Amino acid sequence: MPTPSPAYRYDLDGLRGLAIALVVAFHVFDGRVSGGVDVFLLLSGFFFLGSQMRNADRGDRSINVWHSLWRTIRRLLPSLILVVTATALGVLALAPALVNGENVAQLPASLLYVQNIVLAEQGADYAAASAEISPLQHLWSMSVQGQFYLFGILVVSVVAFILRSTHARPRVATIMAPLLVAATVSSFWYATVLHGQAQGANYYSTWSRMWELTAGGLLALAVARFTTPRFAAPVLPVLGVAMIVSTGFMFDGAAEFPGPWTLWPLGGAVLVILGGGAGFMSRILESGFMRMLGDVAYSLYLWHWPLLI
């Protein structure tokens, strides 16, 4: 039986808006990492993998890899091309001192979703905004997400193809659950080890960041099967938002994430999701302003850093 689509969670649009607002605010006013990107990664895994698995479990839906890939490219790439092009022109016109070999190499890397790999190879520790910092530095997270989306589409499609071809009874979600657990545990362990050895590379590594996204996929499976007790649901979003907002004040994210301390902002996001949209904090996240921030979160993230530089 197909996995039913969950009711739409407008409060999670607001949570996405909160995450990007924290990213921009801390970049502009404090020069620190807020944990907002980490929340964004968890939500990306929650929405993207959840959608992929639900669609694959519906026999009337296509599991063609190109179909999912093209839909994702069409949603993400046009805005990215516009920002990278405008940034390149802006640098030539307004900040020619930024024209150097490393920054030039980052242009195609950004468009091909390998910016994180190039930054790691260049030994570019994530730094606060200044006149010497790459205006494309922030696109490392877009590259991590792009690589994950490709990997997720391939894995879910292969699992669905095997099950449909063999007429096996398990659902795609049933097979994906242990795979996601293994990926989450392995990636978290890798991020913890690399944190103590090469934090610069750890910050950008797709393998280090994988657990944040796969944890979102596991959460999508969990909320489809379990309901938070009614007495606890209104409290969880309050605690969750407090944890997320406090992250930038408590931790040096560039030095700590995606190591074990990343559990603090991600744990906050998990609490908001488990709250199920209950309570006054969820009402705040569902407000028109917060949902507006959520709607423009992707574009705001793309544009804020080049303009700041």
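Note that this is a predicted model, so its numbers are computed, not measured.

Calculation rules
- Residues numbered from 1 in each chain as written.
- Predicted model: local features only at pLDDT ≥ 70, side-chain atom pairs only at ≥ 80, totals over all residues.
- Heavy atoms only, no water.
- Phe/Tyr/Trp six-rings, centres within 6.5 Å; stacked < 30°, edge-to-face > 60°.
- Buried < 20%, exposed > 50% of the residue type's maximum accessible area, 1.4 Å probe, protein only.
- Axes fitted to C-alpha atoms, helices over the stretch in contact; angles between N-to-C directions.
- Helix = DSSP H or I, 4+ residues; strand = E, 2+ residues; numbered from the N terminus.
- Parallel < 35°, antiparallel > 145°, perpendicular 65-115°, else oblique.
- Left-handed = near helix turned anticlockwise from the far one by under 90°.
- Contact = heavy atoms within 4.5 Å.
- Core = buried A, V, L, I, M, F, W, Y, C linked by side-chain atoms within 4.5 Å.
- Salt bridge = Lys/Arg side-chain N within 4 Å of Asp/Glu carboxyl O.
- Expected span 1.5 Å × (residues − 1).
- Polar contact = N/O pair within 3.5 Å; in protein donor to acceptor, adjacent residues only side chain to side chain.

(A) Geometry of the packing of aromatic side chains. Throughout the structure, instances matching the rule amount to 14 aromatic pairs. Pairing Tyr203 with Tyr204 gives two aromatic rings, centres 5.6 Å apart and planes at 85 degrees, and the pair type is edge-to-face. Residue Tyr203 is classed as buried on the basis of its relative accessible area of 4%. Every member of this aromatic cluster is reached through a ring pair, and the members are Tyr126, Trp140, Tyr203, Tyr204 and Trp305.

(B) Highlighting the packing of helix α1 (residues 10-29) against helix α2 (residues 36-56). With their axes 8 Å apart at the nearest point, α1 and α2 run at an angle of 150 degrees to one another. Between α1 and α2, the angle is such that the two are roughly antiparallel. For the pair α1 and α2, the sense of crossing is left-handed. Residues Leu12, Leu15, Arg16, Ala19 and Val23 of α1 form the contact with α2, whose own contacting residues are Gly36, Val37, Val39, Phe40, Leu43, Phe46 and Phe47.

(C) Local environment of the nonpolar core. In terms of nonpolar packing, the biggest core is built from 71 residues, with Leu15, Trp140 and Val172 touching the most fellow members. Sorting elements by how many residues they give to this core places α2 first, with 11 residues. Discounting residues that sit within four places of it in the chain, Val172 has contacts with Ala56, Asp57, Val156, Val159, Ala160 and Leu163.

(D) Structural view of the pattern of salt bridges. Counted by the stated rule, this structure contains seven salt bridges. One salt bridge in this structure joins Arg171 and Asp57, with 3.6 Å as the shortest N-O distance. Residue Arg171 is found in the loop between α6 (140-166) and α7 (172-195), and its partner Asp57 is found in the loop between α2 and α3 (65-94); the two are separated by 114 residues along the sequence. We classify Arg171 as partly exposed; its relative accessible area is 23%. Judged by relative accessible area, Asp57 falls into the buried class, the value being 13%. Look at the salt bridges and you will find they share partners, linking Asp38, Arg209 and Glu212 into a network.

(E) Examining helix α10 (residues 235-250) more closely. Helix length check: α10 (16 residues) gives 22 Å between terminal C-alpha atoms against 22 Å at 1.5 Å per residue, within 8%. Of the positions making up α10, those classed as buried are Leu236, Pro237, Gly240, Val241, Met243, Ile244, Ser246, Thr247 and Gly248. Where α10 is buried, its residues meet α1, α2, α12 (263-274) and α13 (279-285).

(F) Structural view of the environment of Asn100. By secondary structure assignment, the location of Asn100 is in the loop between α3 and α4 (101-111). Overall, the relative accessible area of 33% leaves Asn100 in the partly exposed class. Placed 195 residues apart in sequence, Asn100 and Asp295 show a C-alpha to C-alpha distance of 35 Å. Here the side chain of Asn100 touches Glu102 through a polar contact of 3.1 Å, landing on its backbone nitrogen.

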